[in-house]
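Geometric and topological summary
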Amino acid sequence: EDKVVQSPLSLVVHEGDTVTLNCSYEVTNFRSLLWYKQEKKAPTFLFMLTSSGIEKKSGRLSSILDKKELFSILNITATQTGDSAIYLCAVSYDMRFGAGTRLTVKP
Amino acid sequence: DTGVSQDPRHKITKRGQNVTFRCDPISEHNRLYWYRQTLGQGPEFLTYFQNEAQLEKSRLLSDRFSAERPKGSFSTLEIQRTEQGDSAMYLCASSAAGTGGEKLFFGSGTQLSVL
């Protein structure tokens, strides 16, 4: 069965720290890998990755995909308290989600 | 508002009752997904539709759960004979499936509490 595994499950850092979140996957029909941020209710889209080695960037967030080793990382530099959230990884074709990483950024 | 909308936002029911949730996707989206999420967990896949066809249903889903998307637009998720373990957030998402990958847009969810 398709599997998406995120690590760590929980992370506590202080403002200004840099964090790296991991997502590994085993799926039979890969199309893309997506990262979402979930604060209160609905997850909000961050990145979609389809090709290996191409880094996607948005401000302090960046992500990269390794299709050979079947994983992706999400980096957040100079963390702020507003980055506190659950970060979710999902893999298409079937849009399976991992359990998420709960990030807490302390002032 | 042209996003994904879900109704109701909250539902409290007694064990054994049936409940039905509705999801209205973004109008041009052909794919619609249902997920269940409990506290501290990622969204758990339940089922998805491409247009009106239900293409996959999770093996974890019991026969008490059924979903429909009769005209390829809105969808309903029904839970029969609810149990306390059904208490969760039920999320709906839609996407425009294409060869280049798809991006899910989520509704705000329906929070179900079974007493």
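Keep in mind that this is a model prediction, so the values were computed, not measured.

**A look at the overall build of chain A**
In terms of helices and strands, chain A carries 0 helices and 11 strands. Helices and strands in chain A line up, N terminus first, as β-β-β-β-β-β-β-β-β-β-β. For a compact globule of 107 residues, the expected C-alpha radius of gyration is about 13 Å, and chain A comes in at 13 Å, within 12% of that figure. For chain A, the C-alpha atoms occupy an extent of roughly 40 × 25 × 20 Å along the three principal directions. Buried positions account for 44% of the 107 residues belonging to chain A.

**Here we look at the interface of chain B and chain A**
In this assembly, 25 residues from chain B lie in contact with 22 residues from chain A. Together, the buried faces of chain B and chain A total about 1,900 Å²; carbon and sulfur atoms form 52% of this surface. Linking chain B with chain A are 1 salt bridge, by the criterion used here. Note that Arg96 of chain A and Glu56 of chain B form a salt bridge whose closest N and O atoms lie 2.6 Å from each other. If you look at where chain B meets chain A, you find 5 residue pairs in polar contact (both at pLDDT 80 or more). Mapped onto the side of chain B that touches chain A, the elements with two or more residues apiece are β4 (31-37), β5 (44-50) and β9 (88-95) of chain B. At 4 residues, the largest contribution of residues to the side of chain B that touches chain A is made by β4 of chain B.

**Here we look at the pairing of strand β9 (residues 85-92) of chain A**
Residues and elements named next belong to chain A. Taken across its 8 residues, β9 has 8 buried, putting it largely inside the fold. Covered by surrounding structure in β9 are Ala85, Tyr87, Cys89 and Val91 together with Ile86, Leu88, Ala90 and Ser92, the residues of both alternating faces. Here 7 bridges tie strand β4 (residues 32-38) to β9, and the two strands are oriented antiparallel to one another. When the sheet's bridge partners are listed, Lys37 is paired in β9 with Tyr87. Of the strand pairs in this sheet, β9 and strand β11 (residues 101-106) are connected by 3 bridges, and their pairing is antiparallel.

**Remarks on the side chain of His29 of chain B**
Residues and elements named next belong to chain B. Within the fold, His29 resides in the loop between β3 (19-24) and β4. The buried category is assigned to His29, whose relative accessible area is 8%. Within the structure, His29 has its side chain in polar contact with the backbone nitrogen of Ser95 (distance 3.3 Å). Leaving out residues up to four positions away in the same chain, His29 has contacts with Arg69, Ser94, Ser95, Ala96 and Phe105.

What counts, and where the lines are drawn
- Residues numbered from 1 in each chain as written.
- Chains lettered and ligands numbered in written order.
- Predicted model: local features only at pLDDT ≥ 70, side-chain atom pairs only at ≥ 80, totals over all residues.
- Heavy atoms only, no water.
- Helix = DSSP H or I, 4+ residues; strand = E, 2+ residues; numbered from the N terminus.
- Rg over C-alpha atoms; globule rule 2.2 N^0.38 Å.
- Buried < 20%, exposed > 50% of the residue type's maximum accessible area, 1.4 Å probe, protein only.
- Contact = heavy atoms within 4.5 Å.
- Buried area = accessible area lost by both parts, 1.4 Å probe.
- Salt bridge = Lys/Arg side-chain N within 4 Å of Asp/Glu carboxyl O.
- Polar contact = N/O pair within 3.5 Å; in protein donor to acceptor, adjacent residues only side chain to side chain.
- Pairing = 2+ DSSP bridges.

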